[in-house]
Amino acid sequence: KYPEINMQYDPIKRSLGSVFNSTPFLRKVFYRLLDLLLLRSWHIRREVRKWAASATGDIAVLDAGSGFGQYDFYMSSKNPGWKIRGVDVKEEQIADCNAFFSRIGRRNVSFAFADLTAFTDASAYNLILSVDVMEHILEDVAVFRNFHASLKPGGMVLISTPSDQGGSDVHDHDEEESFIEEHVRDGYNISEIQEKLKSAGFSRTKARYQYGKPGQLSWRLSMKYPILALGKTKLFFILLPFYYLLTFPVCLVLNYFDTIMDHKTGTGLVVKAWK
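This text gives an overview of the structure that appears in the document.

Cut-offs and rules
- Residues numbered from 1 in each chain as written.
- Predicted model: local features only at pLDDT ≥ 70, side-chain atom pairs only at ≥ 80, totals over all residues.
- Heavy atoms only, no water.
- Pairing = 2+ DSSP bridges.
- Helix = DSSP H or I, 4+ residues; strand = E, 2+ residues; numbered from the N terminus.
- Axes fitted to C-alpha atoms, helices over the stretch in contact; angles between N-to-C directions.
- 1 Å grid on protein atoms, 1.4 Å probe; cavity = no way out; pocket = protein on both sides within 12 Å on 5 of 7 lines; lining within 4 Å.
- Points joined across faces, edges and corners; volume = space filled by probe spheres on them.
- Nonpolar A, V, L, I, M, F, W, Y, C, P; charged D, E, K, R; others polar.
- Core = buried A, V, L, I, M, F, W, Y, C linked by side-chain atoms within 4.5 Å.
- Buried < 20%, exposed > 50% of the residue type's maximum accessible area, 1.4 Å probe, protein only.
- Contact = heavy atoms within 4.5 Å.
- Right-handed = clockwise from strand over helix to strand, strands pointing away.
- Phe/Tyr/Trp six-rings, centres within 6.5 Å; stacked < 30°, edge-to-face > 60°.
- Lys NZ or Arg CZ within 6 Å of the ring centre and 35° of its normal.

### Details of the sheet that holds strand 4 (residues 125-131)
Sheets are built from strands paired through backbone hydrogen bonds, the pairs being either parallel or antiparallel. In spatial order, the strands read 3-2-1-4-5-7-6; together these 7 strands make up an open sheet with mixed pairing. Either end of the sheet is taken by a strand with one partner, and the two such strands are strand 3 (109-113) and strand 6 (204-210). If you compare each strand with its neighbour and ignore which way they point, the axes differ by 15° on average. Sheet topology note: the strand 6/strand 7 (residues 268-274) ladder contains 7 bridges and is antiparallel.

### Focus: empty space enclosed by the protein
Counting across every chain of the model gives 1 cavity of 30 Å³ or more. Size it by volume and the largest cavity reaches roughly 30 Å³. Taken together, R46, R208, Y209, T259, M261, D262 and H263 make up the full set of residues lining the largest cavity. Tallied by class, residues from the lining of the largest cavity come to 2 nonpolar, 2 polar and 3 charged.

### Details of the nonpolar core
Taken as a class, soluble globular proteins show a tendency for nonpolar side chains to be buried jointly. By size, the foremost hydrophobic cluster in this structure holds 28 residues, and its most contacted members are F144, F147, V157 and L197. Broken down by secondary-structure element, the contributors of at least two residues to this core are strand 1 (60-64), strand 4, helix 6 (140-150), strand 5 (151-162), helix 7 (190-199) and strand 7. Ignoring anything within four residues of it in the chain, the contact list for F144 reads M134, I159, Y188, I193, K196, L197, A200 and F202.

### Brief notes about the pairing of strand 2 (residues 83-88)
Sheet topology places strand 1 next to strand 2; 5 bridges connect them, and they run parallel. If you follow D63 over to strand 2, its bridge partner there is G86. A crossover links strand 2 with its parallel partner strand 3, the connecting element being helix 5 (residues 91-103), and its sense is right-handed.

### Observations concerning unusual backbone geometry
Only a minority of non-glycine residues have a phi that is not negative, and only a minority of peptide bonds are not trans. Although it is not a glycine, S123 sits at a positive phi angle of roughly 45°. Positionally, S123 belongs in the loop between strand 3 and strand 4. Positive phi, close to 55°, is recorded for D132, a residue that is not glycine. Here D132 is to be found in the loop between strand 4 and helix 6.

### A few points about the packing of aromatic side chains
Evaluation of the coordinates by the stated rule reveals 11 aromatic pairs. Measuring from centroid to centroid gives 5.5 Å for W51 and W82, while their planes differ by 75°, and the two rings are edge-to-face. You can see W51 sitting in helix 3 (residues 39-52) and its partner W82 sitting in the loop between helix 4 (70-78) and strand 2, a full 31 residues away along the chain. A cation over a ring is seen here: R27 above F100, with NZ or CZ 4.6 Å from the ring centre.

Read these as layout, nothing more, since geometry by itself doesn't imply function.
Okay, here's the thing in structure tokens:
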């Protein structure tokens, strides 16, 4: 119901990446498609816009778990004066992102390897972004302490992660196995993650649910079902444009409503904490 999809997901990501990495134009198209299809991107971009409205001076941002670099592209497009650093544990993605951002002349963006359980950069960042990362890390409080140490006074960490309301599809019984096997926890309780952040030193926290009923349906239509189909046969690549021609408008509407609604529950969380 929410984020990445284990062994079925990575081969498909690599296949798509090899296509969209062929030219900078196609890479930008790929980012745009991710922004439109992935509901968490809608929520993250909304929160970044809210944060940026009051951000002044020299701004430094850490993308903790940068992946494809889509959020770094978005933030560097929003303000070319921000200094953005993306870190990840996947060497091939780090090299790929450094090459792409250098190619398009985004000199204010760089990528490096980092283990978040050990990485700190004392009082260096105004904003730390962590999207679909914490569900993979057992030593989460250690990472939160490192985030706190790496933020400037008044800085904010913005986290998107599955909730304990079925966020890792672990409560789906229509599959033979969990849709996502690589997570170390099923998802965070909305109070638990805020308590952990406060124990790590954060003075104030705020959390809300994402992926309510509209978002859960959108995720299934836009991500889960196509990926399951591609996992069964690569021939579905041929049908994919026609599939999205039918479902894409529906998903956009569902994403919009999920973003503007207050959800009493949901399979994802957006969490903010301030130093």
